[in-house]
Amino acid sequence: MKVSIIVPVYNAEKYLPKCLDSLVNQSLDDYEVILINDGSKDSSAEIIESYKKKYPEIINAVTVENGGQGRARNIGMKMAKGKYLGFADSDDWVSPDMFKHMYEKAEEENADLTVCDITECYDDGSSRIINMSQYEPLIKIDTAVWDKLLRRDLVEGIYFPEGKVWYEDLSFVIRIALKSKKQARLPESLYFYRVGQESTMNNNNSRKNLDIIKILEDLKAYMLPLGYDEEFNSLVINHLLLETIKRVERQNSSDKKEVMMKLREYVRQNIPNLRKCESFKSETLNRRVIMFLNYYGFSGISRRLLKLKNNIAK
């Protein structure tokens, strides 16, 4: 079998049919779609069953007790039979040729990991293409899992963190990227990501953002013995100092200030002198300014600067 596509499903009745329609109508031959119903309480189970009956040669499905997206994906990986693994979220959809093009690119370049571009889709009908396939260096690969095709034997021994934890993709994708010997880039927008749903990127739960510290500590224990010290610093300043603090700054929860303080403390513990950090010095001036402000507790100012920049760009 060429590809196994793994889809965790939890209370996705509103969007699941569109997702499944796009997956069962792939132009690729010899593939499977593995659906993990993660204890859904809506009609997701009935929708899955109807597609399983209609497409028994494509769909393999199982229902498990709710345990979080990471655990559901891990179960799917254990069930997979394909040479390559792909992923999709149940509220998104894909191009009819996504997995054919990804598979052919991976085979052509003998790649362990293949990345394509995506389209972000908004509720008002607007959209924009994000060039996920364009990154340099490797440590700056985007950490979403659904725009990637992975050689299954590469994934051996690597799993998503389990439990209802955020940032599980970060842990999984970085380990995979560092382990991969050959990456292929496919500059085609093949995955359609629905923006606006409750997610790590779109929420008002400040405290759950502290999960990134657990994930980074786990990656630190993995990366530093292998000599990836500066790569780890890059993860800290880009994913925590820049993106996570920026995300929490936009929220209005009661524990926002405490969470921001703990995030900054973690950065300072690992990077006591930001100006001497090689990863920091390699960033663009605009990113360094925002990181510098966030490092010293001026995230409110950095937020206003980013807002001003976005307004000018419009």
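Report follows, based on the coordinates. These numbers come from a predicted model, not from an experiment.

### A word on the packing of helix α7 (residues 211-223) against helix α9 (residues 256-270)
Pairs of packed helices are described in terms of their axes, by the angle between the two and the distance that separates them. Running from N to C, α7 and α9 cross one another at 20 degrees; their axes reach a closest spacing of 11 Å. The orientation of α7 with respect to α9, classified from their angle, is roughly parallel. Here the hand of the crossing between α7 and α9 comes out left-handed. Seen from α7, the contacting residues are I212, I213, L216, E217 and K220; seen from α9, they are K262, L263, Y266 and N270.

### Details of the pairing of strand β8 (residues 148-151)
The two faces of β8 match: K148 and L150 on one face and L149 and R151 on the other face are all buried. Strand direction decides the pairing type here: strand β4 (residues 84-87) and β8, joined by three bridges, are antiparallel. Bridging across to β8, Y84 finds its partner in R151. Pairing between strand β6 (residues 113-121) and β8: three bridges, direction antiparallel. Paired with V115 across the bridge in β8 is K148.

### Re the pairing of β6
The two faces of the sheet receive side chains in turn, since in a regular strand these alternate between them. Taking burial as the measure, the nine residues of β6 include nine buried ones, the bulk of the element. As defined by bridge partners, β6 adjoins strand β7 (residues 127-130) across four bridges and the pair is classed as antiparallel. Within the sheet, the bridge partner assigned to T119 lies in β7 and is I129. Between the antiparallel neighbours β6 and β7 lie five residues, among them G125 with a positive phi of about 95 degrees.

### Concerning the packing of aromatic side chains
With the rule as written, the count across this model stands at 10 aromatic pairs. Ring centres 5.7 Å apart and planes at 90 degrees place the aromatic pair Y84 and Y103 in the edge-to-face group. With Y84 in strand β4 and Y103 in helix α4 (residues 98-109), this residue pair connects regions lying 19 residues apart in the sequence. Using a relative accessible area of 0% as the deciding quantity, one classes Y84 as buried. A relative accessible area of 14% means that Y103 is categorised as buried. Geometry around F160 places R73 over its ring, the cationic atom sitting 5.1 Å from the centre.

### What to know about the state of the cysteines
In the structure shown here, the tally under the stated rule is zero disulfides. Note on C116: no disulfide assigned, nearest cysteine sulfur contributed by C121 at a separation of 13 Å.

### Focus on the side chain of E249
Within the element layout of this structure, E249 appears in helix α8 (residues 229-249). Dropping the residues within four chain positions of it, E249 is found in contact with K256, M260, S299, G300 and R303.

### Some thoughts on a nonpolar patch on the surface
A cluster of nonpolar side chains, L285, V289, Y296, F298, I301 and L305, forms an exposed patch at the surface whose accessible area comes to about 520 Å². At the level of elements, α11 (285-295) and α12 (299-313) are the ones that each hand at least two residues to the nonpolar patch. By the element assignment, Y296 lies in the loop between α11 and α12. Taking the relative accessible area as the measure of exposure, Y296 reaches 38% and is therefore partly exposed.

### Some details on α8
Between its first and last C-alpha, α8 extends 28 Å over 21 residues, near the 30 Å set by a 1.5 Å rise per residue. Buried residues dominate α8, accounting for 15 of its 21 residues.

### Here's the deal with α7
Helix length check: α7, at 13 residues, gives a terminal C-alpha distance of 18 Å against a target of 18 Å (1.5 Å per residue), a fit within 8%. The complete set of buried residues in α7 reads D211, I212, I213, I215, L216, L219 and M223.

### Brief notes about unusual backbone geometry
In this structure, the amide linkage connecting E136 to the following residue, P137, adopts the cis form with an omega of 0 degrees. For P137, the location among the structural elements is in the loop between β7 and β8. In this model, D30 sits at a positive phi of 60 degrees, which is unusual for a non-glycine residue. A residue is classified by how much of its surface remains accessible, and D30, at 42% relative accessible area, is partly exposed.

### Comments concerning the packing of α8 against α11
At a minimum axis distance of 10 Å, the contact between α8 and α11 shows a crossing angle of 75 degrees. Considering the angle they form, α8 stands roughly perpendicular to α11. From α8, I237, N238, L241, L242 and I245 reach across to α11, where they touch R287, I290, M291, N294 and Y295. Its residues assigned to classes, the contact of α8 with α11 comprises seven nonpolar, two polar and one charged.

### Comments concerning the side chain of E32
Structurally, E32 is set in strand β2 (residues 31-38). Despite its burial, E32 remains without a salt bridge, the nearest opposite charge being carried by K81 at 5.1 Å. Beyond its immediate stretch of four places on either side in the chain, E32 contacts M1, V3, S4, I5, I58, M79, A80, K81 and G82.

Definitions and cut-offs
- Residues numbered from 1 in each chain as written.
- Predicted model: local features only at pLDDT ≥ 70, side-chain atom pairs only at ≥ 80, totals over all residues.
- Heavy atoms only, no water.
- Axes fitted to C-alpha atoms, helices over the stretch in contact; angles between N-to-C directions.
- Helix = DSSP H or I, 4+ residues; strand = E, 2+ residues; numbered from the N terminus.
- Parallel < 35°, antiparallel > 145°, perpendicular 65-115°, else oblique.
- Left-handed = near helix turned anticlockwise from the far one by under 90°.
- Contact = heavy atoms within 4.5 Å.
- Buried < 20%, exposed > 50% of the residue type's maximum accessible area, 1.4 Å probe, protein only.
- Pairing = 2+ DSSP bridges.
- Phe/Tyr/Trp six-rings, centres within 6.5 Å; stacked < 30°, edge-to-face > 60°.
- Lys NZ or Arg CZ within 6 Å of the ring centre and 35° of its normal.
- Disulfide = S-S within 2.5 Å.
- Patch = residues over 30% accessible without salt bridge, like charges linked within 9 Å, V, L, I, M, F, W, Y side chains within 5 Å.
- Areas by Shrake-Rupley, 256 points an atom, 1.4 Å probe, with all protein chains shown as cover.
- Salt bridge = Lys/Arg side-chain N within 4 Å of Asp/Glu carboxyl O.
- Expected span 1.5 Å × (residues − 1).
- Nonpolar A, V, L, I, M, F, W, Y, C, P; charged D, E, K, R; others polar.
- Lys, Arg positive; Asp, Glu negative; His and termini not counted.

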